[in-house]
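Residue-level listing of the chains:
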Amino acid sequence: MKSMFERTASLQLRLFVAVFLSIVLIAGDRYTQGSTIIRTSLNTLVSPLIYVANLPYELFSLSAKSLHTRDQLLTENEALKKKQMLQSEQLQQYQYLARENQKLRALLGSSAKQSNRKIIAQVLSVHSNPYSHQVVINRGTTDGLSEGQAVIDEMGVVGQLTKVGSTTSRVLLMTDTTHATPVRILRNDVRTVVEGIGKINVVKLSHVPHSLDVRIGDILVTSGLGATFPEGYPVAVITEINRDEGRPFAQVYAEPIAQLDRVRLLVILWRNEQERLNND
């Protein structure tokens, strides 16, 4: 038996048969319940194919949304870190003022020494060897910086600016052998000086008399002397005292409060006098 759709069949006959079958199927689909079952079954079989075909688009959309969310989270995280740095600087000053208030000191004189202006800088590179402890930051004269400005992190004093360029500057860390920080003991207000000895986690108190009232655990804060560091910022904690009477001075060592071995974001401070000179 020959098929009516083989090559010998006329084109008109094939068109007539196709139209007739289409009409029959449309009519059957509308008036018979069996066609509904067939259509439902076909939809059930085809649905997985539709999901599979749509899978690449869904994966792409999910990935794009995930990347957007990640970028947004990174931006928000960076903004929160900068905000935390500024709040930490203020907290350090508030703690200092609270202690001064407890001692019934006149805060009016000391409040004039507080830093009004500050800016956040990011560490670009670290230069550390037995002779020099320095880091390079992404701020310079275009941001209004000048040599000698105080630098802190969210914990305490880091060092001061040296070799300020137009867009980058060097920060001399307080542990550098050429750096000295005027401090006072928070417990009794005794003034002394902290010097770097070339170790990132140790500093030394210079020329400490054997009779000086200093104890392990004492907190050292900036004294405000020297026209570099505003008063009241945490510097170090006393960790070792060696009172060898054979030496002219006691050997007193302390640990920096700032995290000098992992600095990334820093705060540059202005003093009121420095701001006045810059504005003149």
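Located above this text is the structure these notes cover.
Just so it is clear, the structure is predicted and the values come from calculations on it, not from any experiment. (Residues numbered from 1 in each chain as written. Predicted model: local features only at pLDDT ≥ 70, side-chain atom pairs only at ≥ 80, totals over all residues. Heavy atoms only, no water.)

Caption draft 1: Structural context of the overall build of the protein. On a plain count of helices and strands, the protein comes out with four helices and 12 strands. Classification of the 280 residues of the protein by burial places 34% in the buried group. Of the contacts formed within the protein by residues at least 6 apart in sequence, a portion of 60% connects residues at least 24 apart. Counting every atom, the protein has about 17,400 Å² of accessible surface; 58% of that belongs to carbon and sulfur. (Helix = DSSP H or I, 4+ residues; strand = E, 2+ residues; numbered from the N terminus. Buried < 20%, exposed > 50% of the residue type's maximum accessible area, 1.4 Å probe, protein only. Contact = heavy atoms within 4.5 Å. Areas by Shrake-Rupley, 256 points an atom, 1.4 Å probe, with all protein chains shown as cover.)

Caption draft 2: Up close: the nonpolar core. I137, V158, V171, L220 and L266 are the most contacted members of the largest nonpolar core, which totals 44 residues. The element that contributes the greatest number of residues to this core is strand β12 (residues 265–269), accounting for five residues. Ignoring any residue separated from it by four or fewer positions in sequence, one finds V171 in contact with H133, Q134, V135, I137, V151, V158, G159, Q160, L161 and L266. (Core = buried A, V, L, I, M, F, W, Y, C linked by side-chain atoms within 4.5 Å.)

Caption draft 3: Representation of the environment of V252 within the structure. Topologically, V252 is positioned in strand β11 (residues 250–256). What makes V252 buried here is its relative accessible area of 0%. For the pair formed by V252 and K204, sequence separation is 48 residues and the distance between their alpha carbons is 6.0 Å. Setting aside chain neighbours within four positions, we find V252 in contact with V203, K204, L205, V208, V214, I238, E240 and I241.

Caption draft 4: Broad picture of unusual backbone geometry. A positive phi angle, near 50 degrees, is found at K163, a position not held by glycine. Within the secondary structure layout, K163 lies in strand β4 (residues 157–164). Even without being glycine, A227 reaches a positive phi, approximately 60 degrees. With respect to the helices, strands and loops of the structure, A227 is situated in the loop between β9 (219–222) and β10 (234–242).

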